[in-house]
Amino acid sequence: MNRIDEACNLFEDGYVCSQAVFGVFCEEFGLSKNDAFKIAACFGSGMRQAEVCGACTGALMAIGLKYGEDKKTCDRLSNRFFEEFRKENGSFICRDLLECDISTHEGVKYALDNNLFREFCPKMVASAVKITEKIFDD
């Protein structure tokens with residue numbers, strides 16, 4: 001199974017977006033999935049505030065895990081990630097991507113009523129994994 005499919009399956013199985021993305025990269029760099037899931041647990045749903053998309057924060061955790069000893073590389077690759085994600089998806093802010101604020105009850109209801117967590121969010125997970133793989137391959 002490829003990373004994109006694995007991440008989408010993790011998300012569908014109930015892991016938050018940040019866990020799903022970080023979870024498919026962590027073992028390659030010596031971190032167990034269990035530990036990765038714990039680390040990434042509070043970053044889903046835009047850090048629970050509809051801020052930076054959790055799929056993006058999961059990707060940044062993976063980039064940090066691989067390149068974290070070199071601040072300049074991390075800065076450059078983080079900027080590249082955000083630039084490519086924004087170009088592909090229009091934004092990297094959760095509430096802008098979903099067109100609702102899931103930090104509110106009304107926003108969660110809107111997202112549920114419109115199947116955003118099932119239909120839209122997996123696309124963001126897939127996009128974050130794809131861009132991270134591209135960064136790692138360059």
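Up top is the structure.
Residues numbered from 1 in each chain as written. Predicted model: local features only at pLDDT ≥ 70, side-chain atom pairs only at ≥ 80, totals over all residues. Heavy atoms only, no water.

### Here's the deal with the layout of surface pockets
Gaps left between atoms show up when a probe the size of a water molecule is rolled over them. Selection criterion: Definitions used throughout: a 1 Å grid over protein atoms alone; a cavity as a set of points that fits a 1.4 Å probe which cannot get out; a pocket as an open set with protein on both sides within 12 Å along at least five of seven lines; a lining residue as one with an atom within 4 Å of a point. Grid points are joined across faces, edges and corners, and a volume is the space filled by probe spheres set on the points. Helix and strand assignments come from DSSP, with helices taken as H or I runs of at least 4 residues and strands as E runs of at least 2, each series counted from the N terminus.
Estimated volume of the largest pocket: approximately 310 Å³. For the largest pocket, the lining is made up of 18 residues, of which F11, C17, S45, F117 and C121 are closest to its centre. Of the residues forming the lining of the largest pocket, the biggest block, 6 residues, is contributed by helix α9 (residues 116-137).

### Looking at the pattern of salt bridges
Operational definition: Salt bridges are defined as contacts in which a side-chain nitrogen from Lys or Arg sits within 4 Å of a carboxyl oxygen from Asp or Glu. Each residue's exposure class comes from its accessible area (1.4 Å probe, protein chains only) as a fraction of the maximum for that residue type: buried when under 20%, exposed when over 50%, partly exposed otherwise.
Tallied over the full model, the rule gives 11 salt bridges. Of the charged contacts in the structure, one is a salt bridge between E84 and K134, with a shortest N-O distance of 3.5 Å. A residue pair is termed long-range when its members are at least 10 positions apart, and E84 in helix α6 (residues 71-89) and K134 in helix α9 qualify at 50 residues. Residue E88 pairs with K130 through a salt bridge whose shortest N-O separation is 2.8 Å. Taken as a pair, E88 in helix α6 and K130 in helix α9 lie far apart in primary sequence, 42 residues in all. Judged by its relative accessible area of 39%, E88 is partly exposed. Connected via shared salt-bridge partners are R80, E84, K134 and D138.

### Quick notes on unusual backbone geometry
Here S45, not a glycine, exhibits a phi torsion of approximately 55 degrees, which is positive. Structurally, S45 can be placed in helix α4 (residues 44-50). One non-glycine residue, N115, adopts positive backbone phi at about 55 degrees. With respect to the helices, strands and loops of the structure, N115 is situated in the loop between α8 (105-113) and α9.

### Considering the environment of A128
Among the structural elements, A128 can be located in helix α9. By relative accessible area, which is 0% here, A128 ends up buried. Separated by 73 residues in sequence, A128 and A55 place their C-alpha atoms 5.8 Å apart.

### Topic: the nonpolar core
For clarity, the threshold we go by: Residues belong to a common nonpolar core when they are buried Ala, Val, Leu, Ile, Met, Phe, Trp, Tyr or Cys residues joined through side-chain atoms within 4.5 Å. Should any heavy atoms of two residues lie within 4.5 Å, those residues are counted as being in contact.
In this structure, V21, A55, C56, F81, F85 and V125 are the most contacted members of the largest nonpolar core, which totals 48 residues. Secondary-structure elements contributing two or more residues to this core are α1 (3-12), α2 (17-23), α3 (33-40), α5 (54-67), α6, α7 (94-98) and α9. Here this core takes 10 residues from α9, the largest share from any one element. Discounting chain neighbours no more than four positions away, the residues touching A55 are C17, S18, V21, M124, V125 and A128.

### Focus: the environment of F136
Assignment of secondary structure puts F136 in helix α9. When the C-alpha positions of F136 and K66 are compared, they lie 8.7 Å apart, and in sequence the two are 70 residues distant. Excluding its chain neighbours within four sequence positions, the residues that come into contact with F136 are F25, F29, A62, I63, K66 and Y67.

### Side note on the environment of F81
Inspection of the secondary structure puts F81 in helix α6. Taking the C-alpha atoms as reference points, F81 and T132, separated by 51 residues in sequence, lie 7.1 Å from one another. Ignoring any residue separated from it by four or fewer positions in sequence, one finds F81 in contact with C56, A59, L60, I63, A128, I131, T132 and I135.

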